[in-house]
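What follows is each chain in one-letter form.
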Amino acid sequence: MLTKETANTRNPPARSSMRRWRMGLPALAVLAAGTLMAGCASNSSVPAASGSAPIPSVPVVSEAGAATPRLVLTYEGGLLVVDARDGGVVSEHALPGFNRVNPAGDGRRALVSTAGGFRIFDAGAWSEAHGDHAHHYRSVPVLTDLVFPAQKPGHAVVHAGSTALFDDATGMISIFASDKLDNAALPATEVVALPEAHHGVAVPVSEGKLLVTNGNEETRNTVKLLSAPNAQHRRTTVAESNQCPGIHGEAVATDQAVVVGCEDGILVIKDEKVSKVDSPDAYGRIGNQAGSEASSVVLGDYKKDQDAELERPKVFSLTDTATNSMELVDIDYSYSFRSLARSADGDALVLGTDGKLHIYDVKSGKEKTSVDVVGPWQEPLDWQQPRPSIHVAGDTAYITEPATKALHLVDLKTGKVARTVTLPEVPNEITSIKG
């Protein structure tokens, strides 16, 4: 599944090398009518899981003069809410066990992957349009008792106005309109059942279509693009490919291009066609990707050692969905799956084990600059263990440093650390709301 001292110095770009591969064969396009991978329930609300904590009393809502974006971070046994503008802690919320956080898609709430499913967390800040003006509100964050049930909550993906939640234990996908969330009841939810359970992903795409993976616990190599539901609430297969061994991860680029990673390259799904971009190595795994709607290029990791218990790669990938070409960039540091992000302008951001935030031009693969942020670190063997992580909102990169309980706010316009705060807990995962 999914992811590492503060100095305001700018370092000269490090030297890196780049290699390019382009598809030599026509793009794979499988346009076959088919049936929905399994039965689809009609749109209906999924009942909340039982046994969750009750919703606190309704907090007082106050109007703010401007948007108040907030961060939601996990720590062992709970959640922190932080003011994204200055790093100040807004609230803490106990929640036992290992939890993960995902954007919910409405700019106000997050989804917490926890025991029982995806739990709705209201971060307590939002904006509403009134005529030609936007009014901004804030209140105390609320961990609601509303849960989208899942035995093993996996990927949560927001795109094209919808949110898709994947249950790895059952192969069930829950889809809802992102702007229909509230704190009173779960929204109307379409449930898509895949033939077999697996660690997979679903991506809502334009015009109501849905991209899904297919596989089982032993192998997964298929992606299918499904049509929008018809009057009988059924979807049909529009395009598919079974040429993606070990399929994992997803990202979206310009022109509604979606990519998913494979152990030997990457699939590009665009205009109802599926294209394979091969890795230059027989085993060249791209399992985590970061896309940008400002760029046709997708940033991805790249691993070459199939037998490694944990490979600490020293190369990353750039895949251009406009040309179906891949570039590999060699580097002199390593990174983890929580190290990849994109700037608002589409630059590639890689948080290295050398403690620097490296910023690359995605077209040339050349490093533009680097910023000293955290101390040197090494990726832990256990993927659930905290390590420095990056999350970008607007022109700020938020970087956690578990070793010091620090949160660093990096101004991507100036290339400097604008602020560092000490958190009350060791941070692990991080997401944000616009407020």
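Above this note sits the structure.
## A word on the overall build of the chain
Here is step 1: Secondary structure assignment for the chain yields 0 helices and 38 strands.
Here is step 2: For the chain, the accessible area works out to roughly 17,700 Å², and carbon and sulfur atoms hold 49% of it.

## Let's talk about the nonpolar core
Here is step 1: Formed by 18 residues in total, the largest nonpolar core has its most connected members in Val203, Leu211, Leu225, Val258, Leu267 and Ile269.
Here is step 2: At the level of elements, strand 20 (220–226), strand 21 (237–241), strand 23 (258–262) and strand 24 (265–270) are the ones that each hand at least two residues to this core.
Here is step 3: For this core, the element with the highest residue contribution is strand 23, accounting for 3 residues.
Here is step 4: Aside from chain neighbours lying at most four places away, what touches Leu225 is Val205, Lys209, Leu210, Leu211, Thr236, Thr237, Val238, Ala239, Ile269 and Glu272.
Here is step 5: Counting 16 residues, the second largest nonpolar core, distinct from the first, contains Leu349, Leu351, Ile359 and Val417.

## Let's talk about the sheet that holds strand 8 (residues 100–103)
Here is step 1: Strand order across the open sheet formed by 4 strands is 8-9-10-13, with antiparallel pairing between neighbours. Each edge of the open sheet carries a strand with a single partner, namely strand 8 and strand 13 (142–149). Between one strand axis and the next, the sheet turns by 30° as a mean value, whatever way the strands run.
Here is step 2: In terms of strand pairing, strand 9 (residues 109–114) meets strand 10 (residues 117–122) through 6 bridges, oriented antiparallel. Across the sheet, residue Arg109 finds its bridge partner in strand 10, namely Asp122.

## Notes on empty space enclosed by the protein
Here is step 1: In this structure, the largest cavity occupies an estimated 30 Å³ of space.
Here is step 2: What lines the largest cavity is His155, His199, Gly200, Val201, Thr213, Ile247, His248 and Gly249.

## Re the sheet that holds strand 6 (residues 78–83)
Here is step 1: The strand order across the open sheet formed by 4 strands is 7-6-5-38, and the pairing between neighbours is antiparallel. Two strands close off the open sheet at either side, each with one partner strand: strand 7 (89–94) and strand 38 (430–433). Strand-to-strand, the axes of this sheet are offset by a mean angle of 20°, without reference to chain direction.
Here is step 2: Bridge count between strand 6 and strand 7: 5 bridges; the pairing is antiparallel. If you follow Leu79 over to strand 7, its bridge partner there is His93.

## Considering the side chain of Thr68
Here is step 1: Relative to the helices and strands, Thr68 resides in the loop between strand 4 (62–64) and strand 5 (70–75).
Here is step 2: We classify Thr68 as buried; its relative accessible area is 3%.
Here is step 3: Discounting chain neighbours no more than four positions away, the residues touching Thr68 are Arg85, Ala125, Tyr137, Arg138, Lys434 and Gly435.

Definitions and limits used
Residues numbered from 1 in each chain as written. Predicted model: local features only at pLDDT ≥ 70, side-chain atom pairs only at ≥ 80, totals over all residues. Heavy atoms only, no water. Helix = DSSP H or I, 4+ residues; strand = E, 2+ residues; numbered from the N terminus. Areas by Shrake-Rupley, 256 points an atom, 1.4 Å probe, with all protein chains shown as cover. Core = buried A, V, L, I, M, F, W, Y, C linked by side-chain atoms within 4.5 Å. Buried < 20%, exposed > 50% of the residue type's maximum accessible area, 1.4 Å probe, protein only. Contact = heavy atoms within 4.5 Å. Pairing = 2+ DSSP bridges. Axes fitted to C-alpha atoms, helices over the stretch in contact; angles between N-to-C directions. 1 Å grid on protein atoms, 1.4 Å probe; cavity = no way out; pocket = protein on both sides within 12 Å on 5 of 7 lines; lining within 4 Å. Points joined across faces, edges and corners; volume = space filled by probe spheres on them.

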